[in-house]
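The chain contents come next:
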Amino acid sequence: MILVTGASGQVGRQVLEEVLKTGKPVKAMYRSVEDARSALAGVATVIADFADKASLAKALQGIDAIYLVCSPIPQLVELESNVIEACTRAGVGYVVLSSALGAGNYLKSFPSWHRKVEDKLQASGLQYAIFRPNSFMQNIAAYMAPSIRSQGAFYAAMGDAKMSLIDVRDIAVILAKALTNPAAFAGQAIDLNGPEAFSYPEIAANISRVAGRAVQFVNIPEEAQRKAMLDLGMPGWQVNALLELQQYYTVERKGGEVTPPIKDFLGRAPTTLDQYLNENKEIFRSQAAGA
């Protein structure tokens, strides 16, 4: 029996869908009854909270393998550690962990939090597979599209740094394979990069071509980006973590790799940036045009 945590989240829901396709027995974990109402039809659900050890013990009864993912919050290390400890007590044999690119070599920001969890998991005695995905293609829609629609531009302190964006759906396919075929992945910590590396100016040019409108990337000073995020009401810890993560690409000049080849894990060609943009081109068109 497989348990998918974060089943209402961006990655967890996709992982659940992919595991269901295999026909393997699976349960979906939600934090509340209200969250569980979004469950896919026919999927068995359990209610548990990473901060509630008693609920974790109950949720893990009869579970053989678990997909572990947590939102990027300051309590991530404590919460995921609770799950690892609960897995050990419950006799769960195998943990597939969603980590973050840079956890192996960048001890700042979100990667540093994930590294602490990785170390705990690797020392736990549990069988495991760790995956460190690069930035999601879906972040383009979440963070760039609003200002593109209203202003024809998006803004960041990214310069010409490149990143190998990866589609969440491709990540989910690989994670589902790891959950249902432990022998192929156990004991590994794997970076997941997209098939191509792009700078923000190149992403702007691609969006312009696909959406049929002029879109510009505007490089701004980091302090201007910090102020803009704080003005939007983002908490200081999150702003600091996001800017430190951005420095992984801009200062360390990492995150533009395209190895190992993602197609080797997928068993098919991965989603390209052009494919993703074409699927979502309407979200980049002007508000007036969409009215």
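Reference entry: report on the structure contained in this document.

Quick notes on the rules
- Residues numbered from 1 in each chain as written.
- Predicted model: local features only at pLDDT ≥ 70, side-chain atom pairs only at ≥ 80, totals over all residues.
- Heavy atoms only, no water.
- Helix = DSSP H or I, 4+ residues; strand = E, 2+ residues; numbered from the N terminus.
- Rg over C-alpha atoms; globule rule 2.2 N^0.38 Å.
- Buried < 20%, exposed > 50% of the residue type's maximum accessible area, 1.4 Å probe, protein only.
- Salt bridge = Lys/Arg side-chain N within 4 Å of Asp/Glu carboxyl O.
- Pairing = 2+ DSSP bridges.
- Axes fitted to C-alpha atoms, helices over the stretch in contact; angles between N-to-C directions.
- Contact = heavy atoms within 4.5 Å.
- Core = buried A, V, L, I, M, F, W, Y, C linked by side-chain atoms within 4.5 Å.
- Parallel < 35°, antiparallel > 145°, perpendicular 65-115°, else oblique.
- Left-handed = near helix turned anticlockwise from the far one by under 90°.
- Nonpolar A, V, L, I, M, F, W, Y, C, P; charged D, E, K, R; others polar.
- Phe/Tyr/Trp six-rings, centres within 6.5 Å; stacked < 30°, edge-to-face > 60°.
- Polar contact = N/O pair within 3.5 Å; in protein donor to acceptor, adjacent residues only side chain to side chain.

Let's shift gears to the overall build of the protein chain. Secondary structure summary: the protein chain contains 14 helices and eleven strands in total. For 291 residues, the compact-globule estimate of 2.2 N^0.38 gives 19 Å, and the C-alpha radius of gyration of the protein chain, at 19 Å, lies within 12% of that figure. By the burial criterion, 48% of the 291 residues in the protein chain qualify as buried.

Applying the stated rule across the entire model yields 15 salt bridges. A salt bridge links D167 to R169; the shortest N-O distance between them is 2.7 Å. Under the relative-accessibility criterion, D167 is labelled buried at 0%. Residue D274 is joined to R209 by a salt bridge in which the shortest nitrogen-to-oxygen separation is 2.9 Å. Taken as a pair, D274 in helix α13 (residues 273-279) and R209 in helix α9 (residues 200-211) lie far apart in primary sequence, 65 residues in all. Among the ionic contacts, a cluster of salt bridges with common partners joins E118, R132 and D191.

The next subject is unusual backbone geometry. Omega for the bond connecting T259 with P260 falls within 30 degrees of zero, at -10 degrees, which places this linkage in the cis form. For P260, the location among the structural elements is in the loop between α11 (236-250) and α12 (262-266). Despite not being glycine, S109 has its phi angle at roughly 55 degrees, a positive value. Within the secondary structure, S109 is located in helix α5 (residues 109-123). Phi at R253 takes a positive value of approximately 55 degrees, unusual for a residue other than glycine. Considering the arrangement of structural elements, one finds R253 in the loop between α11 and α12.

If you walk across this open sheet you meet the seven strands as β3-β2-β1-β4-β5-β6-β9, and the pairing is parallel. Both edges of this open sheet fall to β3 (44-47) and β9 (189-192), since each of them pairs with a single strand only. With strand direction ignored, the average angle separating the axes of adjacent strands in the sheet is 20 degrees. Along the sheet face, helix α4 (residues 76-90) touches β4 (65-68) and β5 (94-98) and points at about 175 degrees away from the line of β4.

Side chains I190 and L192 of β9 all project onto a buried face; the interleaved residues A189 and D191 project onto a face where none is buried. Pairing geometry for strand β6 (residues 127-133) and β9, over four bridges, is parallel. Residue pairing for β9: F131 is matched across the bridge by I190.

The next thing to look at is the nonpolar core. Counting 37 residues, the largest nonpolar core has V15, L16, Y67, V96, F131 and F185 as the members making the most contacts within it. Top element by residues in this core is helix α7 (residues 168-180). It accounts for nine residues. Those residues in contact with V15 that sit more than four places away from it in its chain are V4, Y67, A172, L175, A176 and L179.

Attention shifts here to the packing of α4 against α5. Where α4 meets α5, the closest approach of the two axes is 9 Å, and the angle between their N-to-C directions is 15 degrees. Regarding the angle of α4 to α5, the classification is roughly parallel. As α4 packs across α5, the resulting crossing turns out to be right-handed. Contacts from L76, V77, E80, S81, I84 and E85 in α4 reach W113, H114, K116, V117, K120 and L121 in α5. Tallied by class, the residues present in the contact of α4 with α5 amount to six nonpolar, two polar and four charged.

As a further point, take the packing of aromatic side chains. A full pass over the atoms with the stated rule returns nine aromatic pairs. With a centroid separation of 5.3 Å and an interplanar angle of 85 degrees, the aromatic rings of Y200 and F217 are classed as edge-to-face. Of this pair, Y200 sits in helix α9 while F217 sits in strand β11 (residues 216-219), placing them 17 residues apart in sequence. Here F217 falls in the buried class, since its relative accessible area comes to 11%. Through a chain of ring-to-ring contacts, three or more aromatic side chains come together here, namely Y106, Y248 and Y249.

Between helix α10 (residues 222-231) and α11, the least distance of the axes is 10 Å, while the angle of their chain directions is 145 degrees. With respect to the hand of their crossing, α10 and α11 are arranged in right-handed fashion. Along its contact with α10, which presents E222, Q225, R226, M229 and L230, the element α11 presents G236, V239, N240, L242, L243, Q246 and Q247.

Here N206 shows up in helix α9. A polar contact of 3.3 Å, which involves the side chain of N206, links it to the side chain of R209. Those residues in contact with N206, other than ones at most four positions away along the chain, are F198, L273, D274 and L277.

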